[in-house]
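# Survey of secondary and tertiary structure
Below are the chains, spelled out letter by letter.
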Amino acid sequence: EADIYQTPRYLVIGTGKKITLECSQTMGHDKMYWYQQDPGMELHLIHYSYGVNSTEKGDLSSESTVSRIRTEHFPLTLESARPSHTSQYLCASSGWTGMNTEAFFGQGTRLTVV
Amino acid sequence: DQQVKQNSPSLSVQEGRISILNCDYTNSMFDYFLWYKKYPAEGPTFLISISSIKDKNEDGRFTVFLNKSAKHLSLHIVPSQPGDSAVYFCAASADTGNQFYFGTGTSLTVIP
């Protein structure tokens with residue numbers, strides 16, 4: 001069973017508000033990811049991290065920012081939420097055992113900006 | 001440009017029969033392929049994977065087949081059960097890469 005947690009599960013917030021989506025994993029994985037997914041669409045990578053103090057932007061442009069101060073924690077922040085940010089946000093982590101390994105996902109945060 | 005494609009948005013199968021979900025990819029650098037199952041408002045759950053050095057991997061009712069020359073993989077579920085009804089995502093990664101690339105998913109409905 002994957003030990004990766006996201007909070008909140010659901011969030012409805014007004015335009016212009018600052019929000020932080022939390023993601024924590026207890027597996028000691030170095031790699032962590034944030035994906036954005038809309039119904040009927042693929043998962044789009046918006047941020048990833050190789051380890052502490054390492055963050056990179058993914059293929060999908062995003063107005064969000066991330067930080068990785070601790071191995072287990074990879075929060076995502078939107079400084080000013082807009083209706084276009086309404087989506088499901090999925091956090092994942094993966095380890096390295098000398099060979100390819102799968103990514104484990106949290107339960108996701110469904111964000112609605114009104 | 002989408003590197004992993006699932007061309008069938010939906011599939012319906014009778015309980016007990018075989019479900020076959022297909023996936024195509026374009027990047028020849030991909031060497032690891034995965035299938036995930038996802039329920040609405042939940043995160044994807046890992047199902048099964050295959051390395052490019054193999055052409056088949058089996059885990060219980062789930063079997064993944066890889067055809068590297070055709071850049072095609074498929075997931076077989078036998079026998080299909082109503083609890084298998086979900087969206088299935090195909091994903092791929094490269095050894096030197098930094099991310100997993102996902103398809104758009106196929107919604108499987110298993111009819112009792």
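### A closer look at the interface of chain A and chain B
Every contact between the two is made by 25 residues of chain A and, on the other side, 21 residues of chain B. Between chain A and chain B lies a buried interface of about 1900 Å² when both sides are counted; carbon and sulfur atoms form 51% of it. Summed over the shared surface of chain A and chain B, the number is 1 salt bridge. With a shortest N-O distance of 3.5 Å, R9 of chain A and E42 of chain B are connected by a salt bridge. Where chain A meets chain B, there are 7 residue pairs in polar contact (both at pLDDT 80 or more). Elements with a minimum of two residues in the side of chain A that touches chain B: β4 (31–37), β5 (44–51) and β9 (87–94) of chain A.

### Here we look at the state of the cysteines
Residues and elements named next belong to chain A. Here the structure, examined in full by the defined rule, presents 2 disulfides over all chains. For C23, the disulfide goes to C91, at an S-S distance of 1.9 Å. Disulfide C23-C91: the torsion about the S-S bond is -75 degrees, which places it as left-handed. Here C23 is found in strand β3 (residues 19–25), whereas its partner C91 is found in strand β9, with 68 residues between them in sequence. An identical accessibility class is assigned to C23 and C91; each is buried.

Reading the values: the criteria
Residues numbered from 1 in each chain as written. Chains lettered and ligands numbered in written order. Predicted model: local features only at pLDDT ≥ 70, side-chain atom pairs only at ≥ 80, totals over all residues. Heavy atoms only, no water. Contact = heavy atoms within 4.5 Å. Buried area = accessible area lost by both parts, 1.4 Å probe. Salt bridge = Lys/Arg side-chain N within 4 Å of Asp/Glu carboxyl O. Polar contact = N/O pair within 3.5 Å; in protein donor to acceptor, adjacent residues only side chain to side chain. Helix = DSSP H or I, 4+ residues; strand = E, 2+ residues; numbered from the N terminus. Disulfide = S-S within 2.5 Å. Buried < 20%, exposed > 50% of the residue type's maximum accessible area, 1.4 Å probe, protein only.

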